[in-house]
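# Understanding the architecture of this molecule
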Amino acid sequence: MTTTDTRTEAQAAQKLPISPLLALTTAAFMAILTEALPAGVLPEMAASLSVSEAAAGQTLTVYAIATGVSAFPVMAATAAWPRRRLLLAAALTFAVANLVTAVSDSYALTMVLRLAAGVAAAVVWAELVAYARRLAPPHLQGRAIALTMAGVPLALSLGIPLGTLLGDLLGWRLTFGLVAAVSVLLAVWIRASVPEFPGRRAGRREPILAALRLPGVVPVLFTVAAYVLAHNILYTYIATFLHDKGMGALREEVLLVFGIASAASIVVTGALVDRRLRLLTILSAVLFLVAAAVLTVLADEPGPLFLAVVLWGLGWGGVPTLLQTAVNDAGGDRGQALLVTTWNSSMAAGGAAGGLMLSLLGASSFPWGVLALMAPVAAVVLSARAHGFPAKRPGLER
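Just so it is clear, the model here is predicted, and its values are computed rather than measured. (Residues numbered from 1 in each chain as written. Predicted model: local features only at pLDDT ≥ 70, side-chain atom pairs only at ≥ 80, totals over all residues. Heavy atoms only, no water.)

As a further point, take the overall build of the protein. What the protein contains, in helices and strands, is 15 helices and zero strands. Accessible surface for the protein amounts to roughly 16300 Å². Of this, 69% is attributable to carbon and sulfur atoms. (Helix = DSSP H or I, 4+ residues; strand = E, 2+ residues; numbered from the N terminus. Areas by Shrake-Rupley, 256 points an atom, 1.4 Å probe, with all protein chains shown as cover.)

Here it is, written out as C-alpha cells:
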C-alpha cells in the first residue's frame with residue numbers, strides 16, 4: 001500500500017459516513033411520521049373507520065404507549081442480536097403497519113398494527129444514538145448524533161404537513177400506502193448502506209433507573225414529560241381545534257407555517273446548542289407559552305392564529321435536539337433510555353388527555369392545558385441552573 005493510499009484512508013476515517021447516517025435519520029423520520037400522521041388526517045380517518053375523532057386520536061396514543069412501555073424490555077431482549085437486523089425488522093414493520101392501515105376498515109385491526117409499529121419504533125430509538133457514535137470518528141460523534149436525530153423534528157415540522165397535503169390530494173388511505181412504500185425503500189437502504197454491528201455481550205450493567213439519582217436527570221425528564229404532553233394535546237387534535245374556531249379551511253396552511261417555523265428553529269438550534277443550550281431551552285418554553293396565550297383568545301382570527309403558530313413552531317422545532325442533548329449530558333446512555341420511555345409515554349398521554357379534554361371541555365380547552373403545563377416547565381428550566389440546564393455544558397466550560 002502506498003503512502004498516498006494510507007493518507008487517503010486516514011482522511012476518509014476522519015469524515016462522517018453520510019449515507020448510513022442519513023439512513024438512520026430517515027429511520028427516525030419514518031418512526032415519527034408513522035406515529036403522528038393520523039393527526040393530520042384525523043377527521044377523514046375517523047369517518048372511514050366509523051369512530052369519533054377522539055377515538056381516532058387514540059391511534060397515536062396506542063403507538064406511543066407501545067413505544068414507551070416496550071423500550072426497556074425490547075432493549076433487554078434484543079441486546080445480543082445483530083444491530084442492523086433489528087433496524088431492518090423495524091423498517092419492515094413500519095411498512096406492514098402502514099399498508100394494513102391504508103386498506104383496513106376495522107378500527108380494532110388498525111389499533112393492533114399501530115401497537116406493533118410502536119414496538120418497532122422502540123427498536124429504532126434504542127439504536128440510533130449508539131449507532132451514530134459507532135459510525136463516526138470520536139471528534140465527530142456529536143455531529144453524527146445531531147444529524148441522526150434531525151429526523152425527529154423534520155418529520156414533525158415537514159413530514160406531517162406534507163402528509164396532510166397528500167391526504168387532501170390523494171386521500172388518507174393512499175397517503176398511508178405511500179408511507180408504507182417509503183418504509184420498504186428505507187429497509188433496502190439500511191441493508192445496502194448501514195454496516196452490521198454485533199449485539200452487546202452479556203455482563204453486568206448499571207440499572208437504567210439508577211440514572212434518576214444523577215444530578216440534572218430528573219429536571220430534564222420533567223421538562224420532557226410536560227413539554228411533550230402539552231405539545232401533543234394541541235398537535236394531535238389541531239384539525240379539530242381549527243374546525244372549532246371556524247378556521248378548518250386553513251388546516252394545510254397552518255401546518256405548513258408550523259413546519260417552516262420549526263425548520264428554522266432546527267437550523268438555529270443546531271448552530272447554537274453546544275454553547276447556548278440553557279438560553280435556547282428557556283426561549284423555547286417562553287415562545288410556546290406566548291403562543292398558547294394567543295390561542296386562548298384569538299384563534300378565531302387568521303392573523304393572531306398564524307402568529308401563534310409561528311411562535312409555537314419556533315419553540316418546538318429545536319426541542320428534540322435540546323432535550324436529547326440535555327439528558328445525555330446529565331445521564332449518558334441510561335438517560336437516553338429514560339428519555340425514550342418518558343417522551344413516548346408523554347405522547348401517549350397527550351393523545352389520551354386531549355381526547356378526554358375534547359369530550360368533557362371542548363376543543364377550546366387545549367390552549368389552556370398547554371398554559372397549565374408549560375408554566376412549570378419554564379420554572380424548572382430557569383431553576384435548573386446548576387444541573388440539567390446549566391449555563392455552560394459539561395466539557396465546554398472554557
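On we go from here.
When you line up the elements, Thr25 lands in helix H2 (residues 18-40). Along the chain, Thr25 and Leu178 lie 153 residues apart, while their C-alpha atoms are 19 Å from each other. Contact partners of Thr25, with chain neighbours within four places excluded, come to Leu147, Thr148, Ala150 and Gly151. (Contact = heavy atoms within 4.5 Å.)

To continue, consider helix H15 (residues 366-383). Over its 18 residues, H15 runs 26 Å from end to end, which matches the ideal 26 Å to within 8%, given 1.5 Å per residue. For H15, every residue scored as buried is listed here: Phe366, Pro367, Gly369, Val370, Leu373, Met374, Val377, Ala378, Val380 and Val381. (Expected span 1.5 Å × (residues − 1). Buried < 20%, exposed > 50% of the residue type's maximum accessible area, 1.4 Å probe, protein only.)

On the surface, a nonpolar cluster with roughly 550 Å² of combined accessible area is contributed by Leu162, Leu165, Leu169, Leu170, Leu174 and Leu178. Breaking the nonpolar patch down by element, the ones donating at least two residues are helix H8 (151-170) and helix H9 (172-193). Sorting elements by how many residues they give to the nonpolar patch places H8 first, with four residues. As for its position among the elements, Leu165 is in helix H8. (Patch = residues over 30% accessible without salt bridge, like charges linked within 9 Å, V, L, I, M, F, W, Y side chains within 5 Å. Salt bridge = Lys/Arg side-chain N within 4 Å of Asp/Glu carboxyl O.)

Residue placement: Thr325 occurs in helix H14 (residues 319-360). In contact with Thr325, other than residues within four places in its own chain, are Val273 and Arg393.

So, about the nonpolar core. The biggest cluster of nonpolar side chains holds 121 residues, and the ones touching the most others in it are Phe94, Trp125, Phe241, Trp312 and Trp343. Apart from the residues lying within four places of it in its own chain, the contact partners of Trp312 are His231, Leu234, Tyr235, Ile238, Phe258, Phe288 and Ala291. (Core = buried A, V, L, I, M, F, W, Y, C linked by side-chain atoms within 4.5 Å.)

The next thing to look at is the packing of helix H10 (residues 217-236) against H15. Direction vectors running N to C along H10 and H15 enclose 160°, while the axes themselves pass 9 Å from each other. Classified by the angle their axes make, H10 and H15 are roughly antiparallel. Handedness of the crossing formed by H10 with H15: left-handed. Contacts from Pro219, Phe222, Thr223, Ala226, Tyr227, Leu229, Ala230, Ile233 and Leu234 of H10 reach H15 at Phe366, Val370, Leu373, Met374, Pro376, Val377, Val380 and Val381. Looking at the contact of H10 with H15 residue by residue, the class counts come to 16 nonpolar, one polar and no charged. (Axes fitted to C-alpha atoms, helices over the stretch in contact; angles between N-to-C directions. Parallel < 35°, antiparallel > 145°, perpendicular 65-115°, else oblique. Left-handed = near helix turned anticlockwise from the far one by under 90°. Nonpolar A, V, L, I, M, F, W, Y, C, P; charged D, E, K, R; others polar.)

Another aspect to go through is helix H4 (residues 53-77). In this model H4 runs 36 Å from its N-terminal to its C-terminal C-alpha over 25 residues, within 8% of the 36 Å that 1.5 Å per residue would give. Along H4, the largest kink reaches about 50° and is centred on Ser70; proline Pro73 follows within four residues of it. (Bend = angle between axes of the 7 residues up to and from the residue.)

This paragraph deals with the packing of helix H3 (residues 42-49) against H9. Orientation of H3 relative to H9, taken along the N-to-C sense of each, is 105°, at an axis distance of 10 Å. As summarised for this structure, H3 and H9 are arranged roughly perpendicular, according to the angle between their axes. Taking contact as the criterion, the partners of Glu44, Met45, Ser48 and Leu49 in H3 are, on H9, Trp172, Arg173 and Phe176. In the contact of H3 with H9, the residues fall into four nonpolar, one polar and two charged.

Tallied over the full model, the rule gives four salt bridges. Across the salt bridge formed by Asp105 and Arg173, the nearest N and O atoms sit 2.8 Å from each other. One end of the pair, Asp105, is in the loop between helix H5 (83-103) and helix H6 (107-135); the other, Arg173, is in helix H9, and 68 residues separate them in sequence. A residue is classified by how much of its surface remains accessible, and Arg173, at 23% relative accessible area, is partly exposed. Two residues, Asp168 and Arg251, come together in a salt bridge whose shortest N-O distance is 3.3 Å. Separated by 83 residues along the polypeptide, Asp168 in helix H8 and Arg251 in helix H12 (residues 251-298) bring together distant segments of the chain. By relative accessible area, which is 8% here, Arg251 ends up buried. Residues participating in the shared-partner salt-bridge network are Glu44, Asp168 and Arg251.

In this section: the confidence of the model for the protein. Here the protein shows a mean pLDDT of 85. Residues at 70 or above account for 91%. Note that residues 3-12 has pLDDT below 50 and, in this model, two contacts with residues that lie over four places away or in other chains. (pLDDT = per-residue confidence, 0-100.)

Attention now moves to unusual backbone geometry. One non-glycine residue with positive phi stands out, namely Ser50, at about 60°. Taking relative accessible area as the criterion, Ser50 reaches 66% and is therefore assigned exposed.

Scanning all chains against the criterion turns up ten aromatic pairs. With a centroid separation of 5.6 Å and an interplanar angle of 90°, the aromatic rings of Trp172 and Phe176 are classed as edge-to-face. Remark: Phe176 and Trp172 occur in helix H9; sequence separation between them is four residues, near one turn of the helix. Note on accessibility: Trp172 and Phe176 belong to one class, buried. Ring geometry for Phe258 and Trp312: centres 4.7 Å apart, planes at 55°, overall tilted. Of the two residues, Phe258 is situated in helix H12 and Trp312 in helix H13 (residues 302-316); the sequence distance between them amounts to 54 residues. Trp312 gets classed as buried once you look at its relative accessible area, which sits at 2%. Cluster of aromatic residues (ring-pair linked, three or more members): Tyr227, Tyr235, Phe258, Phe288, Trp312, Trp316 and Trp343. (Phe/Tyr/Trp six-rings, centres within 6.5 Å; stacked < 30°, edge-to-face > 60°.)

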